[in-house]
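# Topology and contacts: notes
These are the residues of each chain, in order.
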Amino acid sequence: MRLYLFIAVCCSASLISCNQTTLPVYGPKTAIQVTRDGKTTTDSIDYFLPNFQFTDQDGNPVDSNTIKGKIFVADFFFTSCPSICPKMMKEMDEVYSKYQSDNNVVILSYSIDPVRDSVARLKNYEKKIGFSSKQWHLLTGNKDSIYSLADKFLVSAAEDPDAPGGHIHSGNFILVDRHRRIRGYYDGTKEESVQKLMDEMDILLKEKE
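Residues numbered from 1 in each chain as written. Predicted model: local features only at pLDDT ≥ 70, side-chain atom pairs only at ≥ 80, totals over all residues. Heavy atoms only, no water.

### What to know about the overall build of the chain
- Within the chain, the regular secondary structure consists of 5 helices and 11 strands.
- Among the 209 residues that make up the chain, the fraction classed as buried is 46%.
- In the chain, the proportion of contacts linking residues at least 24 apart, taken out of those at least 6 apart, comes to 68%.
- Split by element, the accessible area of the chain, about 10,800 Å² in all, is 51% carbon and sulfur. (Helix = DSSP H or I, 4+ residues; strand = E, 2+ residues; numbered from the N terminus. Buried < 20%, exposed > 50% of the residue type's maximum accessible area, 1.4 Å probe, protein only. Contact = heavy atoms within 4.5 Å. Areas by Shrake-Rupley, 256 points an atom, 1.4 Å probe, with all protein chains shown as cover.)

Given below as structure tokens:
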């Protein structure tokens, strides 16, 4: 069901964005009743990601205030992933390298195996990737909360004993604006898709509040 929703959202968003200087807003809109000059009409509001709070590789809390007023890129991974995660992390490191000095950009990588991915294990993973920054947060926390958040991002994340590493998850990088609206999905295993992400991050950084 979620896959069909995601496809429908992507298709409708592609119709919205006809030029390269404006990025679409993804997700289902919410209908609201608005009264103006005594007349009630139906309007809609954009889809927003909810508040959250998790813990990063340094043991620090990371929540909605961490990304307040900033754009961010999110993905879902786990440290023992034997399939797509190493490629995704290599590509995310390219994103980090480009924006590591930009205080308006944050990267959030949520572990979908938080039982094993402790703070210490995430710290070791950070060293393995080879970065050290308060800008890129490897996150752990309550498993149900992380899976629920993946649903809100409109991507897949689940335990699957038949999958490599015991989990399945989306390989997408997700671009989110300063208002916590989803503005793009990109295949985190493909260089050309990640280059598109960075091109569109530049567009989003210039977008007015």
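### Focus: unusual backbone geometry
- One non-glycine residue with positive phi stands out, namely L154, at about 65°.
- As for its placement among the helices and strands, L154 is situated in the loop between helix 4 (143-152) and strand 8 (157-159).
- Overall, L154 belongs to the buried group, its relative accessible area being 8%.
- Within the chain, R180 stands out as a residue other than glycine whose phi angle is a positive 65°.

### Some thoughts on the pairing of strand 2 (residues 39-45)
- Direction of pairing for strand 1 (residues 30-36) relative to strand 2: antiparallel, over a ladder of 7 bridges. The residue of strand 2 that forms the bridge with T35 is T40. (Pairing = 2+ DSSP bridges.)

### Considering the pairing of strand 10 (residues 172-176)
- Counting buried residues along strand 10, 5 of its 5 residues qualify, which places the element largely inside the surrounding structure.
- Bridge count between strand 5 (residues 71-77) and strand 10: 3 bridges; the pairing is antiparallel. If you follow A74 over to strand 10, its bridge partner there is I174.
- Connecting strand 10 to the antiparallel partner strand 11 (residues 182-187) that follows it, the hairpin turn spans 5 residues, and R180 within it adopts a positive phi of roughly 65°.

### Overview of the pattern of salt bridges
- What the rule picks out here adds up to 13 salt bridges.
- In this structure, K123 and E126 form a salt bridge, with 2.8 Å as the shortest nitrogen-oxygen distance. With a gap of 3 residues between them, K123 and E126 both fall in helix 3 (residues 119-129), about one helical turn apart.
- Residue class for E126 comes out buried when judged on its relative accessible area of 2%.
- One network of salt bridges, in which partners are shared, links K29, D46, D177, R181, R183 and E207. (Salt bridge = Lys/Arg side-chain N within 4 Å of Asp/Glu carboxyl O.)

### Re the packing of aromatic side chains
- Scanning the entire structure with this criterion turns up 12 aromatic pairs.
- On the numbers, 5.2 Å between centres and 80° between planes, the contact of Y26 with Y185 is edge-to-face. Note that Y26 is positioned in the loop between helix 1 (2-16) and strand 1 and Y185 in strand 11, a separation of 159 residues in sequence.
- According to the relative accessible area criterion, Y26 is buried, its value standing at 12%.
- A relative accessible area of 14% means that Y185 is categorised as buried.
- Between the aromatic rings of Y110 and F153, the centroid separation amounts to 6.0 Å while the plane-to-plane angle is 55°, which identifies the pairing as tilted. Linking Y110 in strand 6 (residues 105-111) with F153 in the loop between helix 4 and strand 8, this pair joins segments that are 43 residues apart in sequence.
- A relative accessible area of 1% means that F153 is categorised as buried.
- One aromatic cluster in this structure is built from F52, F54, F72, F76, Y110 and F153. (Phe/Tyr/Trp six-rings, centres within 6.5 Å; stacked < 30°, edge-to-face > 60°.)

### Let's talk about the nonpolar core
- Core analysis: the largest hydrophobic core is formed by 56 residues, its most contacted members being Y110 and F153.
- Setting aside its immediate chain neighbours within four residues, F153 contacts L49, F72, A74, F76, Y110, I174, V176, I182 and Y185. (Core = buried A, V, L, I, M, F, W, Y, C linked by side-chain atoms within 4.5 Å.)

### Regarding the packing of helix 2 (residues 85-99) against helix 5 (residues 191-206)
- One can describe the packing of helix 2 onto helix 5 by two numbers: an axis separation of 11 Å at closest approach and a directional angle of 30°. Relative to helix 5, the element helix 2 is oriented roughly parallel. Crossing hand, helix 2 versus helix 5: right-handed. Contacts from K87, E91, E94, V95, K98 and Y99 in helix 2 reach E191, V194, L197, M198, M201, D202 and L205 in helix 5.
- In terms of residue class, the contact of helix 2 with helix 5 is built from 7 nonpolar, no polar and 6 charged. (Axes fitted to C-alpha atoms, helices over the stretch in contact; angles between N-to-C directions. Parallel < 35°, antiparallel > 145°, perpendicular 65-115°, else oblique. Left-handed = near helix turned anticlockwise from the far one by under 90°. Nonpolar A, V, L, I, M, F, W, Y, C, P; charged D, E, K, R; others polar.)

Note that all results are geometric; they support no functional claim without further evidence.
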